[in-house]
Amino acid sequence: MPELPEVEITARRLGAALAGAEIESALAPGVNALKTYDPPLSALEGATIGGVRRRGKHLIVDVEGAEPLVLLVHLMSAGRLQLFDKRAGPRNRTSRLLVRVAGDRELRLREFGTKQRAWVKLLRADALDDDDALAALGPEAWPDPPPFEELLTEPRPLHSLLRDQHVLTGIGRSWVDEILWTAQLSPFKRADDLVPLESQRLREATVERLGGALEHYEATIELPIPDKLPMPLLVHRHQGEPCPRCGTTLEAVHYEDYVMTYCPQCQTEGRVLKDRRLSRLLK
Ligand SMILES: [Zn+2]
């Protein structure tokens, strides 16, 4: 699940490799991924890639041509934007968007799994900020988010509030577990119950863990961008293993399509939270 660090390293690697490259053609096989029709994909032909950047969990490919355009991409849970030295054959089933660039290279939006949810929009550059996907996003979670005392004011559990892209953008189900564990806060603690010192600790943990992940990727990730990023996670999905801080067995709460992992000793004052999956099975 690509979140801020994974999308940021993708933008950096692709941007460095593609800046100045001329686009030969673009193709969106099937109709699922491409959410716009004006301007048409053919408007990319002959244009030049200016760079690749990130906003929240979105990738933005800047395109310089007759009129400035942008490709806005959301990878959702299983998408990857990758750059290959060889072009895909006609039977390539995972590609949602293929952008052929000079030098026989191909930028591909690929998606793994059965659910096709990754999407791309081709927009005029001046329409980008007003696009629905970006207009309502909160401030970036990294590198310098606003003070959390001002940001996290709603009476909602931290685990849900930190992932709300309208409040703070970039964090998803993996990094939220890591950040809360680092800050030693319960996932179910309500944001309006945080004392100022806890808010500061949470903000520091956010910047530290997202920045640390990015440093890790800077040292390990190369093009074409691997299908599976080796995420440097200490607790998320590590339930049943000892807490790296205190040695207590990490516990988890299972939801329909994700899992929340935490340390009872470090985060919930020794309490093991009710696992809904387990309680449903026992009914
Ligand atoms: Zn612990």
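Use the structure listed above.
How each quantity is defined
Residues numbered from 1 in each chain as written. Predicted model: local features only at pLDDT ≥ 70, side-chain atom pairs only at ≥ 80, totals over all residues. Heavy atoms only, no water. Pairing = 2+ DSSP bridges. Helix = DSSP H or I, 4+ residues; strand = E, 2+ residues; numbered from the N terminus. Donors = N, O, S within 2.8 Å, 3.2 Å for Na, K, Ca; no water. Tetrahedral: all angles 85-135°; square planar, octahedral: opposite > 155°, others 65-115°. Buried < 20%, exposed > 50% of the residue type's maximum accessible area, 1.4 Å probe, protein only. Salt bridge = Lys/Arg side-chain N within 4 Å of Asp/Glu carboxyl O. 1 Å grid on protein atoms, 1.4 Å probe; cavity = no way out; pocket = protein on both sides within 12 Å on 5 of 7 lines; lining within 4 Å. Points joined across faces, edges and corners; volume = space filled by probe spheres on them. Nonpolar A, V, L, I, M, F, W, Y, C, P; charged D, E, K, R; others polar. Axes fitted to C-alpha atoms, helices over the stretch in contact; angles between N-to-C directions. Parallel < 35°, antiparallel > 145°, perpendicular 65-115°, else oblique. Left-handed = near helix turned anticlockwise from the far one by under 90°. Contact = heavy atoms within 4.5 Å.

Undergrad: Describe in detail the pairing of strand β9 (residues 251-254), supporting the description with residues and values.
TA: Consecutive side chains along a regular strand alternate between the two faces of the sheet. For β9 and strand β10 (residues 259-262), the ladder comprises 4 bridges, and the chain directions are antiparallel. For Ala 252, the partnering residue across the bridge sits in β10 and is Thr 261. Connecting β9 to the antiparallel partner β10 that follows it, the hairpin turn spans 4 residues.

Undergrad: Describe in detail the coordination of the zinc ion, supporting the description with residues and values.
TA: Of the protein atoms, only Cys 243 (SG), Cys 246 (SG), Cys 263 (SG) and Cys 266 (SG) coordinate the zinc ion, at distances of 2.2 to 2.4 Å. Note that the zinc ion binds 4 donor atoms; their angles at the metal cover 100 to 117 degrees, and the shape is tetrahedral. Here the donor residues of the zinc ion share one chain and are spaced in sequence as C-x2-C-x16-C-x2-C. Pair noted here: Cys 243 is in the loop between α6 (196-220) and β9 and Cys 263 is in the loop between β10 and α7 (264-267), with a separation of 20 residues, a long-range link. For Cys 243, a relative accessible area of 4% puts it in the buried group.

Undergrad: Account for the pattern of salt bridges, naming residues and giving values.
TA: Under the criterion given, the structure shown has 24 salt bridges. The partner of Arg 12 in a salt bridge is Glu 218, with the nearest N and O atoms 2.8 Å apart. Placement of Arg 12 in helix α1 (residues 4-18) and of Glu 218 in helix α6 is noted, with a sequence separation of 206 residues between them. The exposure class assigned to Glu 218 is partly exposed, which follows from its relative accessible area of 34%. In this structure, the salt-bridge partner of Asp 192 is Arg 190, at a minimum N-O distance of 2.9 Å. One continuous salt-bridge network, built from bridges that share partners, spans Glu 8, Arg 12, Arg 13, Arg 54, Arg 55, Glu 140 and Glu 218.

Undergrad: Describe in detail empty space enclosed by the protein, supporting the description with residues and values.
TA: Applying the stated criterion across every chain, the model contains 1 cavity of 30 Å³ or more. Of the pockets and cavities examined, the largest cavity occupies roughly 30 Å³. In terms of lining residues, the largest cavity is bounded by Pro 2, Glu 6, Thr 10, Leu 75, Arg 80, Leu 81, Ile 225 and Leu 229. Going through the elements one at a time, α1 and β5 (79-84) are the ones with two or more residues in the lining of the largest cavity. Of the residues in the lining of the largest cavity, the class split is 5 nonpolar, 1 polar and 2 charged.

Undergrad: Before we move on, could you go through the packing of helix α5 (residues 173-183) against α6 and cite the residues and values that matter?
TA: Interaxial distance between α5 and α6 falls to 8 Å at its minimum, and their mutual angle equals 125 degrees. Judged by the inter-axis angle, α5 sits oblique to α6. For the element pair α5 and α6, the recorded crossing hand is right-handed. Residues Trp 175, Glu 178, Ile 179, Leu 180, Trp 181, Thr 182 and Ala 183 of α5 form the contact with α6, whose own contacting residues are Arg 201, Leu 202, Ala 205, Thr 206, Glu 208, Arg 209, Leu 210, Ala 213 and Tyr 217. Its residues placed into classes, the contact of α5 with α6 shows 10 nonpolar, 2 polar and 4 charged.

Undergrad: Tell me about the pairing of strand β3 (residues 58-64), and name the residues and values.
TA: By the criterion of burial, β3 is predominantly enclosed, with 5 of the 7 residues buried. One ladder, built from 7 bridges, connects strand β2 (residues 48-55) with β3; its direction is antiparallel. Following the sheet pairing, Arg 53 is matched in β3 by Ile 60. The hairpin formed by β2 and β3 contains 2 residues between the paired strands, and Gly 56 there has a positive phi angle of roughly 60 degrees. In this structure, β3 lies alongside strand β4 (residues 69-74), joined through 6 bridges in antiparallel fashion. Its bridge partner being in β4, Val 61 is matched across the sheet by Leu 71. What sits between the antiparallel neighbours β3 and β4 is a turn of 4 residues.

Undergrad: Summarise the sheet that holds β3; cite the residues concerned and give the values.
TA: Strand order in this open sheet of 4 strands is β2-β3-β4-β8, and the pairing throughout is antiparallel. Pairing within the sheet leaves two strands with one partner each, and these edge strands are β2 and β8 (119-124). Taken over all neighbouring pairs, the strand axes of this sheet differ in orientation by 20 degrees on average, direction set aside. Along the sheet face, α1 touches β2 and β3 and points at about 165 degrees away from the line of β2.

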